[in-house]
Amino acid sequence: MIRHEPYRLLFPLGLFCALIGLGVWIPSYFWPQLFPYPGQGHAIIQIQGFLFSFILGFLCTMLPKVLGVPPLGALTLALFIIGLAGTTVAALFGEYGLSQMFHLFLLLNFGTFILIRFPKRRNNPPAFFVFIALAMLADLKGTTLRLLILSGWWDVIPSRTEILLQYQAFPLLLIMGVGGFLLPKLFGNAVIDPKSLSSQSNSSIRFLLLLGLTFLLSYGVQYWGVHALSTRIGYGIRAVVWLWFLSCSLRVQHVPSKFPAYLTGGRVAPYFIAMGLVLPVFFPTYTLAWEHLIFITGFLWLTLSIATRVVTAHGGRLDLLDRNRRQTLAYGILIVLATAARVSTDIWPGAHALHLALASTFVISALVIWTRIHIPLIFVTPSDKAL
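Attention in this report is confined to the structure presented alongside it. (Residues numbered from 1 in each chain as written. Predicted model: local features only at pLDDT ≥ 70, side-chain atom pairs only at ≥ 80, totals over all residues. Heavy atoms only, no water.)

Let's talk about the overall build of the protein
Looking only at helices and strands, the protein has 13 helices and zero strands in total. Reading the secondary structure of the protein in the N-to-C direction produces α-α-α-α-α-α-α-α-α-α-α-α-α. The buried share of the protein, taken over its 387 residues, is 56%. Partitioning the contacts of the protein with sequence separation of at least 6, the portion at a separation of at least 24 is 81%. (Helix = DSSP H or I, 4+ residues; strand = E, 2+ residues; numbered from the N terminus. Buried < 20%, exposed > 50% of the residue type's maximum accessible area, 1.4 Å probe, protein only. Contact = heavy atoms within 4.5 Å.)

Below, the structure is given as structure tokens:
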């Protein structure tokens, strides 16, 4: 069962990584001399530990069903666990170069898994999956550049471009790749059978490929230009592409006003991501603050919404989606409070360490609530295989 549904191992592992990555801010606030500023390690653990665990758990559960290929092999799954654990531990102890080596190993392991099975596929994936391929290439490029710089093999001044390719381009393109076909069906309360998904025309694929390449080009514009202006242009290009995605792909203007509580994040998170992409165009000084709108109320909330659907569907308890409204509202409020605390850190830096500790406490509390509701379902034998 684990090889067919690896999310059962990878989701709990991701939650454990999140507790580590968030927890570092609390002792850093109380004992700053013993626990120095953990900013870079925190970011690595949250994106390449927590978020990547959920991404691998979802993709490696879904893709074999969509493509009609054999499931994840035991060795490949074991290497995923080793790589995720290695990334997290190395980042926690400040070995950032080693953490990127582990992450590069994870990307290559996933790429090998797909490349071996793709020629044997019985079904072609939806056209939106071109964004998933571009997401992996963006992360691979960002990780390779960052590893070369950290190791001293490439003597250039580090920029934020390689980090943005890893932390922003990779998740956003994945959301467009998966959300393009999944979220509209969820908003319509449809039962989703991965085996029934089909590819669109070649013209659709070419258009989406061009859109994805334009999105990636924005990071090159941001790197090569004058800082404030290039930031505005780069984020402006990404904002336009994302707003197209919201209106033409997700069709947010047609989303029903009533939907299960768990989809609140799926409905709200894309708007927070849009805010995080638009605000740097007008206020580039606070770009790091706006990026946390994308990270926390965007990636985190959306991840929990999709994970809720996966866990309840594969646990045969889709009926739970209409329950737990209070708990779902509670962890949503905590996520918003965490975002407010983190964004205020950059705008009003007077209580920087306190705000970071508060933000991490809010997110940890939200994850605890989500875990209490949904993790028990991971150990339930599934009776409903539809998403």
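Having seen the structure, we can now continue with the description.
A word on the packing of helix α1 (residues 7–23) against helix α13 (residues 352–378)
Where α1 contacts α13, the axes come no closer than 10 Å and their chain directions differ by 165°. Between α1 and α13, the angle is such that the two are roughly antiparallel. In the packing of α1 onto α13, the handedness of the crossing is left-handed. Every residue of α13 that contacts α1 at Y7, R8, F11, P12, L15, A18, L19, L22 and G23 is listed here: S360, V363, I364, L367, W370, T371, I375, L377 and I378. For the contact of α1 with α13, the residue count by class is 14 nonpolar, three polar and one charged. (Axes fitted to C-alpha atoms, helices over the stretch in contact; angles between N-to-C directions. Parallel < 35°, antiparallel > 145°, perpendicular 65-115°, else oblique. Left-handed = near helix turned anticlockwise from the far one by under 90°. Nonpolar A, V, L, I, M, F, W, Y, C, P; charged D, E, K, R; others polar.)

Re helix α11 (residues 287–314)
For α11, spanning 28 residues, the distance from its first C-alpha to its last is 39 Å, which sits close to the expected 40 Å at 1.5 Å a residue. Burial runs high along α11: 27 of the 28 residues are buried. Trailing α11 by a residue or two, G316 shows a phi angle of about 70°, which is positive. (Expected span 1.5 Å × (residues − 1).)

Remarks on helix α6 (residues 130–151)
The terminal C-alpha atoms of α6, which comprises 22 residues, lie 32 Å apart, in line with the 32 Å expected from a rise of 1.5 Å per residue. Downstream of α6 by one or two residues, G152 has phi in the positive range, about 85°.

Examining the packing of aromatic side chains
Evaluated as defined, the whole model comprises 16 aromatic pairs. Centre to centre, the rings of W242 and F245 are 5.0 Å apart; their planes meet at 45°, and the pair counts as tilted. Of this pair, W242 and F245 both sit in helix α9 (residues 227–249), three residues apart, which is roughly one turn of that helix. In terms of burial, W242 and F245 fall into one category: buried. Each member of the aromatic cluster is reached from another via a ring pair, and the members are Y7, F11, F50, F54 and W370. A cation over an aromatic ring shows up here: R121 above the ring of F118, its NZ or CZ 4.0 Å from the ring centre. Note that R238 overlies the ring of Y235, its terminal NZ or CZ placed 4.1 Å from the centroid. (Phe/Tyr/Trp six-rings, centres within 6.5 Å; stacked < 30°, edge-to-face > 60°. Lys NZ or Arg CZ within 6 Å of the ring centre and 35° of its normal.)

Topic: a nonpolar patch on the surface
There is a patch of nonpolar side chains on the surface, built from Y29, F30, W31, L34, F35, L354 and L358 and spanning about 720 Å² of accessible area. Elements that contribute at least two residues to the nonpolar patch include exactly α2 (25–30) and α13. Summarising the element assignment, L354 is placed in helix α13. Exposure remark for L354: the relative accessible area of 33% places this residue in the partly exposed category. (Patch = residues over 30% accessible without salt bridge, like charges linked within 9 Å, V, L, I, M, F, W, Y side chains within 5 Å. Areas by Shrake-Rupley, 256 points an atom, 1.4 Å probe, with all protein chains shown as cover. Salt bridge = Lys/Arg side-chain N within 4 Å of Asp/Glu carboxyl O.)

Let's talk about the nonpolar core
Within the largest apolar cluster, 106 residues are counted, with the highest numbers of intra-cluster contacts made by L59, F110, L172, W242 and W370. It is helix α7 (residues 161–187) that contributes the most residues to this core, 16 residues altogether. Contacts of L172, omitting those with residues within four sequence positions, involve F215, Y219, W242, I273, L277, I294 and F299. (Core = buried A, V, L, I, M, F, W, Y, C linked by side-chain atoms within 4.5 Å.)

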